[in-house]
Amino acid sequence: MIKAVQLRTEYRENPMGLHTGMPRFGWKIESDKQNVLQGAYSLQFSSFEDFHAELWESGKIDSGESQFVSCKSLSFASFEKKFWRVKIWDNLGEESPWSESAWFEVSMLKQNEWKAAFISAEDENAGASSEGTALRTEFNLSKKIKSARLYASAKGIYEAWCNGTRVGDERLTPGFTEYGSRILFQTFDVTTALKQGLNALGFMVGPGWYKGDMAGWLGHRNCFGTRTAVIAQLRVVYEDDTVELVCSDGNWKYNKAPVLYSEIYHGEIYDAQKEEWGWSEAGFTEQSWKPAYVESNDVSMLKAADGLPVKEQEHFKALSLFTTPGGDRVIDFGQNISGYVRFTVSGKAGERVKIRHAEILDAKGNFYTENLRKARQTIEYSLRGEGQESYSPHFTFQGFRYIAVDEWPGSLDMNNFEAIAVYSDMRPMGSFTSSSELLNRLVINTKWSMKDNFVDIPTDCPQRDERLGWTGDAQIFCRSASFLMEAAPFFRKWLRDVAVSQLPDGRVPHVAPNVLKGYQHGDSAQDEPAGATAWADAEVIIPWTMYRYFGDRAILEEQYPNMKKWVDYIRGVAEGGTLFNTGFHFGDWVALDAKEGSYLGATPNDLSATVFYAYSTELLSKSAAVLGKKEDAETYTELHRKIAASFGEEFFSPRGRIAARTQTACILSLYFDLCPPHARKRTLDTLVELLKENTNHLTTGFLGTPFACRVLADNGRPDLAYELLFKEDFPSWLYQVTKGATTIWEHWDGLKPDGTMWSADMNSFNHYAYGAVCDWIFSSVGGLDTDSDTVGFKKALIKPLPGGPLAWAETNYESAYGLFSVRWEKSDNGLKVDVKVPHNTTALLILPEAKAGTIGGIEFSPAEGGARAELGSGAYSFSYVP
């Protein structure tokens, strides 16, 4: 029997508030047979869940596609809700029944459908204020309610309330975007919160990213505006199908909120005595409330939310309560997270709770906050004094494992506290386990650093006065991210902000949204914070990676003009159009071969910049080919050839000696296939020599580290790759784990062997960049990757690489099609490899060091490094003697 299951629309199950009227659909296939491929499908849409009327059917379409399926002849209008289902036919002659129905609802798509205005409780002189404010209105609904949707957003961070109840479970709305071009709005179902008769809506809003402190080391503030504002449009559909709107306007009232102070970096001050009971309920007395300001009627920047909502995810109970040598009362939650603490407390009116947050303790066991720089990460709460009170912050989040409780009424009980991890609602995809607990912990730590830094945008760190969307960090990590979580919808949203922040000349800012405007590395226009190699290349590399790992062609198509614009910029400033040797670059950031006191590694910037120029050009040519842009594909293929030739002439001697004798220079030249043929072996030998000179430890930074193990393994030295992976002394990946890390550190030596810290100027203990090794762990150690000739795991490459001290390893990946699983295990009798392939996919399996012939009932042919076979869907087990 065959059937379609787990129907999704634009990555989501039953989504409300879709940002497009032409959504794409996907499903998984269940069958009791093997080698199942879809041969055809048919889609049905209806306004009714039982499909009895208003039916549209595609008819039988011969296609194996079961992801990102679109109906180009069908589009949906704002507010439309449709049910849909699918029937499929497979390659074995079976026809499925109609699937269970799924649904989607389109958001408000047209700007002219907005009748509301941005309203504010602040005047034009409020730029320095960090207060929270409240706005409210009451309205009468005269008929029985069929459905109701609240469309809401803010300049700042907002919470919405309806008849005394908080609306939705999203946090930090509307998210962090290039607000001048894109302010996202959310769609909430408030049908059950409303009633016939008198109702009320209320909003609280804080400064957030919009007007609060940003880039703390630069002292930036009011990056997008000086006043917080809210916009709200309630659309009520009555039982008789008439529609009534309730819109934010100058008739709403405002007042100060109990949030006396709130900043992303610094925390929140909340006075519960200033709470006004019933402020978001009908019948409330507005005696001290004043008419709201109409901040703007311009809604041109409003876009339906197109990313993933930030939500409360994991909850952690306190593990221990202790007093440090310095006298701080500290609670340990056991995991470094991004989020906040929720506590319950009882006491007298006006008594206070004050807590500070930190990632780590110092060598003496004291609470350590120096690495936060100017970020205070402090919460202050004044009690109302009426029984048990509960509080968590409204408009901020912290990066922490520990809290210091400076003030608390009565005796301190750690059971009154819980830490809550808050991050974008990504679907988990990959897991890796092995016989090494240290390696398992490294992968878990990487996943935690991803979750902690994927809070609406991909940040560098969640704790200090930065927390920005650094393009280089995201680019370095995007492939590992794609193994760990369903990163495509997250990056789709952020890439739109990268694109609109791109400078007119094609340079891409160091961070997006770009809050570094006005800062320069030097005196010329070319010294703006944009255009750095490997950072700006995020505009090319991430769209291609999302296409390759998720098969989402739309991301590639949407970003293509900006990808091209960046490559064309480099071509215009590069020497001879091929050597990128101008402008500011971070280079091999925080490499250990940097000069004392410098963050910049020893690898010359013109080498690394030309490497990434070549790579972006190569990916642009591939993207052009995918999108049917034949002329562009030919142009950039030829440009890549010229760059590679110039690179060889510039950085290699006629006898094959690399000009820059650094580990990163060798790694980049080998990985990106820019070594001239005569220089390849010598470059590998040089890399091996450089490693030996450092007792087989890496001295690489952000640019070289992600590719180190892969370069060694792919060039005949998997033994050395495994040795690097399993080193436990400094510097190494597992060194951090042995020091008790629960996330990835920014520096190899963030915490030194003697217990002292790296410079507090830049020392995050939650920074995912070095976790990019997970790409190699999943695809090589675990042996699972998407095949290079297909995308989105429609065909997998299964090629495990047993080695090092590992006795076994298992990789699971819940693709859009279903579960891929690879487990290999060594034994006295040889090697056992177990494989699962989901329906409607295939896999190329290469068994390491196997001989051609029949293994496990499957015929294998010779392959480099082993034997190969093509597999259809199903479960397989292979045992053999290498």
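Quick notes on the rules
- Just so you know, the residues in each chain are numbered from 1, in the order the chain's sequence is written.
- Whole-chain, interface and lining totals are the exception, using all residues; otherwise, since this is a predicted model, local features are given only for residues with pLDDT of at least 70 and side-chain atom pairs are given and counted only at 80 or more.
- Side-chain metrics rest on all non-hydrogen atoms present in the structure, leaving aside hydrogens and water.
- A run of H or I in DSSP counts as a helix once it spans at least four residues, and a run of E counts as a strand once it spans at least two, with each numbered from the N terminus.
- For the radius of gyration, the atoms used are the C-alpha atoms, and the globule rule reads 2.2 Å times the number of residues raised to 0.38.
- The rule is simple: take the accessible area with a 1.4 Å probe, protein chains only, and divide by the maximum for that residue type; under 20% is buried, over 50% is exposed, in between is partly exposed.
- Any two residues whose heavy atoms approach within 4.5 Å at even a single point are treated as in contact.
- Here the open area of atoms and residues is found with the Shrake-Rupley method and a 1.4 Å probe, where only the protein chains shown may cover a residue.
- Only four residue types enter the tally: Lys and Arg on the positive side, Asp and Glu on the negative side, with His and both chain ends excluded.
- Where a charge sits is defined by one atom per residue type, namely NZ (Lys), CZ (Arg), CG (Asp) or CD (Glu).
- Any Lys or Arg side-chain nitrogen located within 4 Å of an Asp or Glu carboxyl oxygen qualifies as a salt bridge.
- If DSSP finds at least two bridges between two strands, the strands pair.
- An expected span of 1.5 Å times one less than the residue number is assigned to each helix.
- Put simply, a disulfide is two cysteine sulfurs that come within 2.5 Å.
- Fitted lines through C-alpha atoms serve as axes, helices being fitted only where they are in contact, and the angles separating the N-to-C directions of these axes extend from 0 to 180 degrees.
- With respect to orientation, any angle under 35 degrees is reported as roughly parallel, any angle over 145 as roughly antiparallel, any angle of 65 to 115 as roughly perpendicular, and every other angle as oblique.
- It is the rotation of the near helix from the far one that decides the hand of a crossing: anticlockwise by less than a right angle makes it left-handed, clockwise makes it right-handed.
- Amino acids are sorted into nonpolar (Ala, Val, Leu, Ile, Met, Phe, Trp, Tyr, Cys and Pro), charged (Asp, Glu, Lys and Arg) and polar (every other residue, Gly among them).
- Think of a polar contact as two N or O atoms within 3.5 Å of one another; within protein, one of them needs to be a possible hydrogen donor and the other a possible acceptor, and neighboring residues in sequence only count if both atoms come from side chains.
- Residues enter a nonpolar core if they are buried and are Ala, Val, Leu, Ile, Met, Phe, Trp, Tyr or Cys, with the set joined through side-chain atoms within 4.5 Å.
- Any Phe, Tyr or Trp ring, taking Trp's six-membered ring, that has another such ring centre within 6.5 Å forms a pair; planes under 30 degrees apart are called stacked, those over 60 apart edge-to-face, and the others tilted.

## Topic: the overall build of the protein chain
Secondary structure summary: the protein chain contains 14 helices and 48 strands in total. Its C-alpha radius of gyration of 28 Å places the protein chain within 12% of the 29 Å reference for a compact globule of 882 residues. Structurally, the protein chain occupies a C-alpha span of about 85 × 70 × 55 Å along its principal axes. Per-residue burial over the protein chain gives 62% buried out of 882 residues. In the protein chain, of all internal contacts separated by at least 6 residues, the share reaching a separation of at least 24 is 73%. Of the roughly 31700 Å² of accessible surface on the protein chain, 47% is carried by carbon and sulfur atoms. Of the side chains in the protein chain, 91 bear a positive and 116 a negative charge, and the two mean positions are spaced by 1 Å.

## A word on the pattern of salt bridges
Evaluation of the coordinates by the stated rule reveals 71 salt bridges. Where Lys 795 meets Glu 870, a salt bridge forms, and the shortest distance between an N and an O atom there is 3.3 Å. One end of the pair, Lys 795, is in strand β40 (residues 795-798); the other, Glu 870, is in strand β47 (residues 866-871), and 75 residues separate them in sequence. On the basis of relative accessible area, Glu 870 is assigned to the partly exposed category, the value being 45%. Residues participating in the shared-partner salt-bridge network are Arg 373, Asp 460, Arg 464, Asp 465, Glu 466 and Glu 746.

## What to know about the pairing of strand β18 (residues 229-238)
Most of β18 sits inside the fold, with 9 of its 10 residues counted as buried. Pairing between strand β12 (residues 145-155) and β18: 10 bridges, direction antiparallel. Note that in β18 the partner of Tyr 151 across the bridge is Gln 233. Pairing between β18 and strand β19 (residues 243-247): 5 bridges, direction antiparallel. Opposite Val 237, over in β19, you have Val 243 as the bridge partner. If you look at the hairpin formed by β18 and β19, you'll find 4 residues sitting between the two strands, and Asp 241 has a positive phi there, around 70°.

## Concerning helix α8 (residues 630-651)
Spanning 22 residues, α8 covers 32 Å between terminal C-alpha atoms, matching the ideal 32 Å at 1.5 Å per step. By the burial criterion, the buried members of α8 are Asp 632, Ala 633, Tyr 636, Leu 639, His 640, Ile 643, Ser 646, Phe 647, Gly 648 and Phe 651. Turning to α8, the residues buried within the fold contact α6 (553-573), α7 (605-626) and α9 (663-671).

## Brief notes about the state of the cysteines
Enumeration over the complete set of coordinates arrives at 0 disulfides. Cysteine Cys 478 shares no disulfide, and the gap to the nearest cysteine sulfur, in Cys 774, comes to 14 Å. Here Cys 675 is not disulfide-linked; the sulfur of Cys 666 is the nearest cysteine sulfur, at 7.6 Å.

## Regarding the packing of helix α12 (residues 718-726) against helix α14 (residues 774-781)
Orientation of α12 relative to α14, taken along the N-to-C sense of each, is 130°, at an axis distance of 13 Å. Judged by the inter-axis angle, α12 sits oblique to α14. Between α12 and α14 lies a crossing of left-handed hand. The segment α12 lies against α14, with Ala 721, Tyr 722 and Leu 725 engaging Trp 776, Ile 777 and Val 781. Of the residues contributing to the contact of α12 with α14, the split by class is 6 nonpolar, no polar and no charged.

## Concerning the side chain of Thr 545
Along the chain, the position of Thr 545 falls in helix α5 (residues 538-550). In this structure Thr 545 comes out as buried when scored by relative accessible area, which is 7%. Reaching out from Thr 545, the side chain makes a polar contact with the backbone oxygen of Ile 541 at a distance of 2.8 Å. When near neighbours in sequence (up to four residues on either side) are disregarded, Thr 545 contacts Cys 478, Arg 479 and Ser 482.

## Re the environment of Tyr 615
Looking at the secondary structure, you find Tyr 615 in helix α7. Through-space distance from the C-alpha of Tyr 615 to that of Ala 534 is 9.8 Å; in sequence the pair is 81 residues apart. When residues no more than four places from it in sequence are discounted, the contact partners of Tyr 615 are Ile 541 and Phe 672.

## Things to note about the nonpolar core
Residues Phe 333, Phe 343, Phe 417, Leu 442, Phe 491, Leu 725 and Trp 733 are the most contacted members of the largest nonpolar core, which totals 219 residues. Looking at this core element by element, the count peaks at 10 residues for α7. Ignoring any residue separated from it by four or fewer positions in sequence, one finds Phe 417 in contact with Ala 318, Ile 331, Phe 333, Val 341, Arg 342, Phe 343, Ile 355, Ile 403, Val 405, Trp 408 and Leu 412. Membership of the second largest hydrophobic core comes to 29 residues, among which are Ala 121, Ala 148, Cys 162 and Phe 188.

## Comments concerning the environment of Phe 550
Locating Phe 550 in the fold gives a position in helix α5. Its relative accessible area of 9% is what places Phe 550 among the buried residues. Separated by 243 residues in the primary sequence, Phe 550 and Phe 793 place their C-alpha atoms 7.2 Å from one another. Apart from the residues within four sequence positions on either side, Phe 550 is in contact with Tyr 11, Phe 68, Met 429, Ser 482, Met 485, Glu 486, Ala 487, Ala 488, Gly 792 and Tyr 813.

## Focus: the sheet that holds strand β1 (residues 2-9)
Spatially, 3 strands are ordered β1-β3-β7 in an open sheet, and the strand pairing comes out antiparallel. Since the sheet does not close on itself, it has two edges, and those belong to β1 and β7 (69-70), each with one partner. In this structure, strand β3 (residues 24-31) lies alongside β7, joined through 2 bridges in antiparallel fashion. Looking at the pairing, Phe 25 lines up with Val 69 of β7.

## Looking at the packing of α9 against helix α10 (residues 680-693)
Between α9 and α10, whose axes approach to 9 Å, the crossing angle comes to 145°. Handedness of the crossing formed by α9 with α10: left-handed. Contact residues: Gln 663, Cys 666, Ile 667 and Leu 670 in α9; Arg 680, Thr 683, Leu 684, Thr 686, Leu 687, Leu 690 and Leu 691 in α10. Tallied by class, the residues present in the contact of α9 with α10 amount to 7 nonpolar, 3 polar and 1 charged.

## Description of unusual backbone geometry
In this chain, Thr 173 is followed by Pro 174 through a cis amide linkage whose omega measures 10°. Here Pro 174 lies in the loop between β15 (170-171) and β16 (183-189). With omega at -10°, the peptide bond leading from Phe 730 into Pro 731 counts as cis. The topology assignment puts Pro 731 in the loop between α12 and α13 (733-738). One non-glycine residue, Glu 10, adopts positive backbone phi at about 50°. By the element assignment, Glu 10 lies in the loop between β1 and β2 (16-18). Unlike most non-glycine residues, Asn 14 shows phi in positive territory, near 50°.

## Comments concerning helix α4 (residues 488-501)
An α-helical turn contains 3.6 residues, so any two residues separated by three or four positions project in the same direction. The end-to-end C-alpha distance of α4, which contains 14 residues, comes to 20 Å, matching closely the 20 Å that a straight helix rising 1.5 Å per residue would cover. In terms of burial, α4 is a largely internal element, 13 of the 14 residues being buried.

## Side note on the packing of aromatic side chains
The final tally for this structure, using the stated rule, is 74 aromatic pairs. Ring geometry for Phe 45 and Phe 104: centres 6.5 Å apart, planes at 75°, overall edge-to-face. Of this pair, Phe 45 sits in strand β4 (residues 38-46) while Phe 104 sits in strand β9 (residues 102-106), and the two are 59 residues apart along the sequence. Phe 104 carries the same exposure label as Phe 45, and that label is buried. With a centroid separation of 4.6 Å and an interplanar angle of 55°, the aromatic rings of Tyr 615 and Phe 672 are classed as tilted.

The analysis is restricted to geometry; functional conclusions fall outside its scope.
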